[in-house]
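Summary of structural features
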Amino acid sequence: MNERNLLMIPGPIEFEPAVLRALGEKTRSHLDPVFMKAFARSLKRLREVFAAPSAQPFVVAGSGTLAMEMAVANLVQPGDRALVVNTGYFSDRIATMLERHGAAVTHVRAEPGAVPSLDEVERALSGGGFKVMTVTHVDTSTAVLAPVQALAALGRKHDALVVVDGVCSVGGEALEMDAWGVDVAFTASQKALGVPPGLAVLLAGPRAMAAWKARTRPVASMYLDFAEWLPVHEAYEAEKPAYFATPPVNLIMALDVSLGQLVEEGMAARVQRHVKIAEVVGRAWKALGLEPLPKNEAHRAHTLSALYYPAGVDASLVKAIAQEGVVVAGGLHPALKTKYFRVGHMGAVTMNDVSATLGAIERALEAVTVATSPGR
Ligand SMILES: *Cc1c(COP(=O)(O)O)cnc(C)c1O
C-alpha cells in the first residue's frame, strides 16, 4: 500500500507525526518518573476533554469494546434493568453485553439513520426501575448523532445512570459530561483522540462511582473491575508508582502528546472545526448526488458521513476510491450493509485531507459510472 494513501475511515484515522514519534520511542519502565508524569498529565487532560472535572478517568489497554464492557461490568448486576436508546450496530453491541452481565434490556429503536424521539424514550423511562440508560453518541454504522444532552436530562429525571458510548464522538463532537449529567462516557484511542488503536478510555462520574461502590456482588471480570484500577489511577495521578497490570507505556506516551494537541487547540475550537468540515462535506455530497443515511440534518454526525451508493453503483466504489489514493469504509449496519459507504473526517483531519478525499470520490464515481455504462 502506498504510504501516502489517506486513511479516511471512522477509525483508525490519520495520526499526527508527533504522536507516531512518541509511539516509536524507546519503551520506558512503567514506573519511570517521565512515564508517571505523562500518565498523570493525560488523566488530568482527559477531564478537560470530556468536560468532567468531577469524574474519575480510567485508561486501560484494550479497544473501545473493552471500554463498553468496563462500563457495563461495573454498573450492572444480574436482574438490573437497562434501557438502550438504539441507533444501530454499536447500540446492539452494548445491549448484548448488558444481557451477558445479567441485565434485563429494553430497546427504544429507530429506523437506521434516525434517532428515537425524546417522547418515546421518556415513555419507556416512565415504566420505571431502569438502573442504566445507554446512548450511542455517534453511531458509527449510520453516522447518526444522538441528542445526548436532552437524553441525559431524561435519564437523570427518571433516576437512571446515563452511559454514553462516545467512541466515535469524543474529541470531535460537543460533549459536556458534568454539565449534561452524563454518568459514564468512554472512547477508544484510534478515533477522534488521534492515537493508534489499543487504549480504552473511560470516565466515571460520582453517581457511577457510588453505584459501583454500592454493588452487592463483586464485578465478575477482574481485568475490568474499578476496584483493581482505581488505586493504580489514583497513584499515577499523584505520580506515584503502582501496579495492577502493565500499562501500554508507548501508547500512553502517545496519548499524552495527542491530548496536549487537543487542549492546545481547545475543545470548543476543535468541535467548531469538525462542524465546519461537516458543512463542507455536506455541501459536497449534495453536489456529487450522494444521499446521507441520516435524513434529518440535525442528526448528522460531524465526525463521519454515511452515504448511499447512487443508483447503478455498488460496493466496488470503495475499491475505486482506494485506487484514487483514499481509503474509505464500506457499510456496517446489517440491514443496509451493501447499500452505502462511510467516510471518516475526525481528529487531526485537515481541509486538505477533505479536498483530496472529495476529489478521489469524484474521480472514482466517474470511473465506476463509465465502467458500468459502456455505451456512454
Ligand atoms: C469503534 C466503535 C466502538 C468499538 O470500538 P473498538 O475499538 O473497535 O472496539 C464502539 N462504539 C462506537 C460508537 C464505535 O464507533
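Because the structure is predicted, anything quoted here is derived from the model rather than measured.

1. Some thoughts on the sheet that holds strand 8 (residues 161-165)
Strand order in the open sheet formed by seven strands is 2-10-9-8-5-3-4, with mixed pairing between adjacent strands. Whereas interior strands pair on both sides, the edge strands pair on one side only; in this sheet they are strand 2 (56-61) and strand 4 (104-109). Here the average twist between neighbouring strands, direction ignored, is 20°. Of the strand pairs in this sheet, strand 3 (residues 81-86) and strand 5 (residues 130-136) are connected by five bridges, and their pairing is parallel. The residue of strand 5 that forms the bridge with Val84 is Thr134. Helix-sheet contacts for helix 2 (residues 33-49) involve strand 2 and strand 10 (199-204), and the interaxial angle to strand 2 is about 125°.

2. Looking at empty space enclosed by the protein
This structure, assessed with the given rule, holds three cavities of 30 Å³ or more. Looking at the largest cavity, its volume works out to about 90 Å³. Lining the largest cavity are 14 residues, and of these Val59, Trp229, Ala245, Thr246 and Pro247 sit closest to its centre. Here the lining of the largest cavity gets four residues from one element, more than from any other, and that element is helix 9 (residues 226-237). Of the residues that constitute the lining of the largest cavity, the class distribution is 12 nonpolar, two polar and no charged.

3. As for the site of the ligand
Taken together, 14 residues surround the ligand, and among them Ser63, Thr65, Thr140, Asp165 and Lys191 come closest. In isolation the ligand exposes 380 Å². Once the protein is present, 90% of that is buried. Under a 2 Å grid-point criterion requiring more than half of the atoms, the pocket assigned to the ligand is the second largest pocket. Top element by residues in the shell around the ligand is helix 3 (residues 64-75). It accounts for three residues. The residue inventory of the shell around the ligand, partitioned by class, reads six nonpolar, six polar and two charged.

4. With respect to the sheet that holds strand 14 (residues 340-344)
Think of a sheet as strands paired side by side through backbone hydrogen bonds, with each pair either parallel or antiparallel. Reading across from one edge, 11-14-13 is the order of the three strands in this open sheet, with antiparallel pairing throughout. Two strands close off the open sheet at either side, each with one partner strand: strand 11 (304-308) and strand 13 (329-330). Here strand 11 runs beside strand 14; their pairing, made up of five bridges, is antiparallel. Bridge pairing in strand 14 links Ser305 to Val343.

5. So, the packing of helix 2 against helix 9
The description of two packed helices rests on the angle between their axes and on the distance between the axes. Packing of helix 2 against helix 9 leaves a shortest axis separation of 8 Å and a crossing angle of 105°. By the angle class used here, helix 2 and helix 9 are roughly perpendicular. Facing helix 2, whose interface residues are Phe35, Met36, Phe39, Ala40, Leu43, Lys44 and Arg47, helix 9 presents His233, Tyr236 and Glu237. Across the contact of helix 2 with helix 9, the residue classes break down as six nonpolar, one polar and three charged.

6. Some remarks on the domain arrangement of the chain
Interfaces are often described in size by the accessible area the parts lose on coming together. Domain parsing of the chain yields domain 1 (6-12 + 266-372) and domain 2 (17-265). A separation of 26 Å is found between the C-alpha centroids of domain 1 and domain 2. The interface is formed by 30 residues belonging to domain 1 together with 28 residues belonging to domain 2. By the criterion of area lost to domain 2, the three top residues of domain 1 are Met267, Arg270 and His299, representing 23% of everything that side buries. Remark: the boundary between domain 1 and domain 2 carries two salt bridges. One salt bridge in this structure joins Arg273 and Glu265, with 2.6 Å as the shortest N-O distance.

7. Things to note about the nonpolar core
Judged by nonpolar contacts, the single largest core of 92 residues is most densely connected at Phe50, Met133 and Phe186. No other element matches the eight residues that helix 10 (residues 249-265) contributes to this core. Residues within four places of Phe50 in sequence aside, it is in contact with Val170, Leu175, Glu176, Met177, Ala185, Phe186, Thr187, Val201 and Leu203.

Procedures and definitions
Residues numbered from 1 in each chain as written. Predicted model: local features only at pLDDT ≥ 70, side-chain atom pairs only at ≥ 80, totals over all residues. Heavy atoms only, no water. Pairing = 2+ DSSP bridges. Helix = DSSP H or I, 4+ residues; strand = E, 2+ residues; numbered from the N terminus. Axes fitted to C-alpha atoms, helices over the stretch in contact; angles between N-to-C directions. Contact = heavy atoms within 4.5 Å. 1 Å grid on protein atoms, 1.4 Å probe; cavity = no way out; pocket = protein on both sides within 12 Å on 5 of 7 lines; lining within 4 Å. Points joined across faces, edges and corners; volume = space filled by probe spheres on them. Nonpolar A, V, L, I, M, F, W, Y, C, P; charged D, E, K, R; others polar. Near = heavy atom within 4 Å. Areas by Shrake-Rupley, 256 points an atom, 1.4 Å probe, with all protein chains shown as cover. Sits in = over half its atoms within 2 Å of the grid points. Parallel < 35°, antiparallel > 145°, perpendicular 65-115°, else oblique. Domains from an automatic or database assignment. Buried area = accessible area lost by both parts, 1.4 Å probe. Salt bridge = Lys/Arg side-chain N within 4 Å of Asp/Glu carboxyl O. Core = buried A, V, L, I, M, F, W, Y, C linked by side-chain atoms within 4.5 Å. Buried < 20%, exposed > 50% of the residue type's maximum accessible area, 1.4 Å probe, protein only.

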